Amino acid sequence: QEMLIGKSNKAGITDPEAFLTLSSILFSMGKPNEAEKWASKAIAIYKETGDSVKLPEAMLTTGVYLYKNEYFNKALEYFNESLSFFEQSDNKVFKAMAYNYIGKVYYEQTNITEALDNYLSSLYLYQELNANNGEALLCSDISKDRKSTRLNSSHIPLSRMPSSA
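Every chain is numbered on its own, with residues counted from 1 as its sequence reads. Local features in this predicted model are restricted to residues whose pLDDT is 70 or higher, and side-chain atom pairs enter the listing and the counts only when it is 80 or higher, whereas totals over whole chains, interfaces and linings include all residues. Neither water nor hydrogens contribute to the side-chain values; these are computed over all heavy atoms in the structure.

(A) Summary view of the packing of helix α2 (residues 16–28) against helix α3 (residues 32–49). Their axes nearest at 8 Å, the elements α2 and α3 cross at an angle of 165°. Relative to α3, the element α2 is oriented roughly antiparallel. At the point where α2 passes α3, the crossing takes the left-handed sense. Taken together, the residues of α3 that come into contact with α2 (itself represented by Pro16, Glu17, Phe19, Leu20, Leu22, Ser23, Leu26 and Phe27) are Pro32, Glu34, Ala35, Glu36, Trp38, Ala39, Lys41, Ala42, Ile45 and Tyr46. Axes here refer to lines fitted to C-alpha atoms; in helices the fit is confined to the stretch in contact. Angles between the N-to-C directions go from 0 to 180 degrees. The helix count covers DSSP runs of H or I at least four residues long, the strand count covers runs of E at least two residues long, and both are numbered beginning at the N terminus. Comment on the angle field: the value is read as roughly parallel under 35 degrees, roughly antiparallel over 145, roughly perpendicular from 65 to 115, and oblique elsewhere. Less than a right angle of anticlockwise turn of the near helix away from the far helix marks a crossing as left-handed, whereas a clockwise turn marks it as right-handed. Between two residues, a contact is recorded if the distance between any of their heavy atoms is within 4.5 Å.

Spelled out as structure tokens, the structure:
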């Protein structure tokens, strides 16, 4: 790690992909604060260059790392910001992923109504895309959440249920 960081600083590396790789390594080493610092550098570069594709993907990825390290509020910020980009570009796959993770954060914060709203938004996008693997992943997440008894079928708003055609 020290070698990677030292080389990045001394060599004047400004490649955001290198920063994201370093960030990923640091997250896996259990150093989320350092990891977020490097991810933030990559995100700043993407913002400066106007890379509207890589920027929200980097935000989503950073949010996932923060979520996995239980920095839920900070993760939610990254997820929401990435979602706004995905909505502008109408990238439904990444929108579905963002909604799923936003749901996970709200679930962890015991905000079941918001969690379910976001899970359902994700599910409907996956259904629209015929993305069975996305649906399966989401259903697996919801199933895990239901086992903890915070989430049950009484939370599902019937007005959001898909109509059978």
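(B) The confidence of the model for the chain, seen in detail. pLDDT is defined as a per-residue confidence score from the predictor, taking values between 0 and 100. Averaged over every residue, the pLDDT of the chain is 80; residues scoring 70 or more account for 72%. When mean pLDDT is taken per element in the chain, helix α5 (residues 72–89) scores highest with 95 and helix α1 (residues 2–10) scores lowest with 45. In this model residues 1–11 is a low-confidence stretch, pLDDT under 50, and it forms 16 contacts with partners more than four residues away in sequence or in other chains. Confidence drops under pLDDT 50 across residues 153–165; counting only partners more than four residues distant or on other chains, this segment forms 16 contacts.

(C) Spatial organisation of the packing of aromatic side chains. Aromatic pairing here means that ring centres of Phe, Tyr or Trp (its six-membered ring) are within 6.5 Å. Orientation follows from the plane angle: under 30 degrees is stacked, over 60 is edge-to-face, and everything else is tilted. Overall, the coordinates contain six aromatic pairs when judged by the stated rule. For the pair phenylalanine 86 and phenylalanine 94, a centre-to-centre distance of 5.1 Å together with 20° between the ring planes defines the contact as stacked. Look at phenylalanine 94 and you get partly exposed, because its relative accessible area is 22%. Lysine NZ or arginine CZ positioned within 6 Å of the ring centre and within 35 degrees of the ring normal marks a charge as sitting over the ring. Residue placement shows lysine 41 over the ring face of tryptophan 38; its charged tip is 4.4 Å from the ring centre. Three labels apply to residues, based on accessible area from a 1.4 Å probe with only protein chains included: buried if under 20% of the type maximum, exposed if over 50%, partly exposed otherwise in between.

(D) Spatial organisation of the environment of alanine 18. The topology assignment puts alanine 18 in helix α2. Relative accessible area serves as the criterion here: at 30%, alanine 18 is assigned to the partly exposed category. With 24 residues separating them along the chain, alanine 18 and alanine 42 place their C-alpha atoms 8.2 Å apart.

(E) Layout of the packing of helix α6 (residues 92–108) against helix α7 (residues 112–128). Between α6 and α7, the least distance of the axes is 7 Å, while the angle of their chain directions is 160°. Taken together, the axes of α6 and α7 are roughly antiparallel relative to one another. Considering how the two elements wind past one another, α6 and α7 form a crossing that is left-handed. Counting all contacts with α6, which are made through Lys92, Val93, Lys95, Ala96, Met97, Tyr99, Asn100, Ile102, Gly103, Lys104, Tyr106 and Tyr107, the residues of α7 involved are Ile112, Glu114, Ala115, Asn118, Tyr119, Ser121, Ser122, Leu125, Tyr126 and Glu128. Of the residues assigned to the contact of α6 with α7, the class counts are 12 nonpolar, five polar and five charged. Gly counts as polar in this scheme, as do all residues outside two lists: the nonpolar Ala, Val, Leu, Ile, Met, Phe, Trp, Tyr, Cys and Pro, and the charged Asp, Glu, Lys and Arg.

(F) Representation of α7 in the model. In this model, α7 (17 residues) spans 24 Å end to end at C-alpha, consistent with the 24 Å of a helix rising 1.5 Å per residue. Burial analysis of α7 places 12 of its 17 residues in the buried class, which makes it a mostly covered element. A positive backbone phi angle near 55° is found at asparagine 130, which sits one or two residues after α7. Each helix should span, by expectation, one fewer than its residue count multiplied by 1.5 Å.

(G) Structural context of the nonpolar core. Here, nonpolar core refers to any group of buried Ala, Val, Leu, Ile, Met, Phe, Trp, Tyr and Cys residues whose side-chain atoms link them within 4.5 Å. Formed by 40 residues in total, the largest nonpolar core has its most connected members in Tyr67, Phe79 and Val105. When contributions to this core are tallied by element, the ones reaching two or more residues are α2, α3, α4 (54–68), α5, α6 and α7. With eight residues, α6 is the single largest residue contributor to this core. Apart from residues no more than four positions distant in its own chain, valine 105 is found in contact with Tyr67, Phe72, Ala75, Leu76 and Phe79.

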